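Survey of secondary and tertiary structure
Take a look at the letters that make up each chain.
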Amino acid sequence: QVQLVESGGGLVQAGGSLRLSCATSGLSFRTYGMGWFRQAPGKEREFVATISASAYYIYYEDSVKGRFTISRDNAKNTVYLQMNSLKPEDTAVYYCAARMINSSRRPDDYRYWGQGTQVTVSS
């Protein structure tokens with residue numbers, strides 16, 4: 001059974017930092033591309049960042065470039081999202097997702113999803 005479990009969300013003031021983790025089990029992690037997405041109330045789920053299985057290909061949504069960093073630790077079967085200089089507009093439920101090999105910005109390309117972790121940034 002494949003499981004993706006996010007953690008590290010919480011309440012932080014604007015300008016602060018959080019580090020999200022997504023621990024996976026039940027899949028061959030090193031062969032999966034991973035993505036982070038977010039969904040704010042009343043909005044569609046949107047792409048945040050993605051990393052390929054090899055970690056060679058990494059892409060970010062424009063509004064988080066220079067502030068967020070995606071990384072992976074294949075020994076721990078975990079993908080991370082370091083979020084710095086947080087803004088109130090970053091408030092959302094953050095989800096990690098997994099797909100074979102490649103990175104992708106499209107939610108529909110991902111086969112497995114976590115349950116999400118809430119990030120709230122106060123002004």
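The text that follows walks through the structure, step by step, so that each part is easy to find. Just so you know, the residues in each chain are numbered from 1, in the order the chain's sequence is written. A pLDDT threshold of at least 70 governs which residues receive local features in this predicted model, and a stricter bar of 80 or more applies before side-chain atom pairs are shown or counted, although totals over entire chains, interfaces and linings include all residues. The basis for every side-chain value is the complete set of heavy atoms in the structure, and neither hydrogens nor water enter the calculation.

**Observations regarding the sheet that holds strand β7 (residues 68-73)**
- Strands pair, by our definition, only if DSSP identifies at least two bridges between them. Each helix is a run of DSSP H or I of at least 4 residues and each strand a run of E of at least 2, with the numbering of both proceeding from the N terminus. On the basis of which strands lie adjacent, the open sheet formed by four strands has the order β1-β3-β8-β7 and antiparallel pairing. Edge strands, defined here as strands with exactly one partner in the open sheet, are β1 (3-7) and β7. Between one strand axis and the next, the sheet turns by 15° as a mean value, whatever way the strands run.
- As paired elements, β7 and strand β8 (residues 78-83) share six bridges and run antiparallel to each other. Within the sheet, the bridge partner assigned to Ile70 lies in β8 and is Leu81. Here, axes are lines fitted to C-alpha atoms. For helices the fit covers the stretch in contact, and angles between N-to-C directions go from 0 to 180 degrees.

**Things to note about the nonpolar core**
- Throughout, nonpolar core names a set of buried Ala, Val, Leu, Ile, Met, Phe, Trp, Tyr and Cys residues whose side chains join them through atoms within 4.5 Å. Burial status follows relative accessibility: with a 1.4 Å probe on protein chains alone, a residue under 20% of its type maximum counts as buried, one over 50% as exposed, and anything between as partly exposed. If you look at the biggest cluster of nonpolar residues, it comprises 29 residues, and the most contacted ones within it are Met34, Trp36, Leu81, Met83 and Tyr94.
- The set of elements that each furnish at least two residues to this core consists of β3 (18-25), β4 (32-39), β5 (46-51), β7, β8, β9 (92-100) and β11 (117-122).
- Counting residues per element, this core draws most heavily on β9, at four residues.
- Dropping the residues within four chain positions of it, Leu81 is found in contact with Leu18, Arg19, Leu20, Trp36, Val48, Ala49, Phe68, Thr69, Ile70 and Tyr94. By the convention used here, residues are in contact when the closest approach between their heavy atoms is within 4.5 Å.

**A closer look at the pattern of salt bridges**
- Just to be clear on terms, a salt bridge is a Lys or Arg side-chain nitrogen sitting within 4 Å of an Asp or Glu carboxyl oxygen. With the rule as written, the count across this model stands at five salt bridges.
- Two residues, Asp90 and Arg38, come together in a salt bridge whose shortest N-O distance is 3.0 Å. Linking Asp90 in the loop between β8 and β9 with Arg38 in strand β4, this pair joins segments that are 52 residues apart in sequence. Accessibility assignment for this pair places Asp90 and Arg38 in one class, buried.
- A salt bridge links Asp62 to Lys65, with the nearest nitrogen and oxygen atoms 3.1 Å apart.
- Take Asp62: its relative accessible area is 59%, and that puts it in the exposed class.
- A single network of salt bridges, built from pairs that share partners, joins Arg38, Glu46, Arg67 and Asp90.

**Some details on the state of the cysteines**
- The definition used for a disulfide is geometric: two cysteine sulfur atoms within 2.5 Å. Tallied over the full model, the rule gives one disulfide.
- Across the disulfide from Cys22 sits Cys96; the S-S distance is 1.9 Å. Disulfide Cys22 to Cys96: torsion about the S-S bond roughly 50°, handedness right-handed. One end of the pair, Cys22, is in strand β3; the other, Cys96, is in strand β9, with 74 residues separating them in the sequence. Judged on exposure class, the residue Cys22 and its partner Cys96 are both buried.

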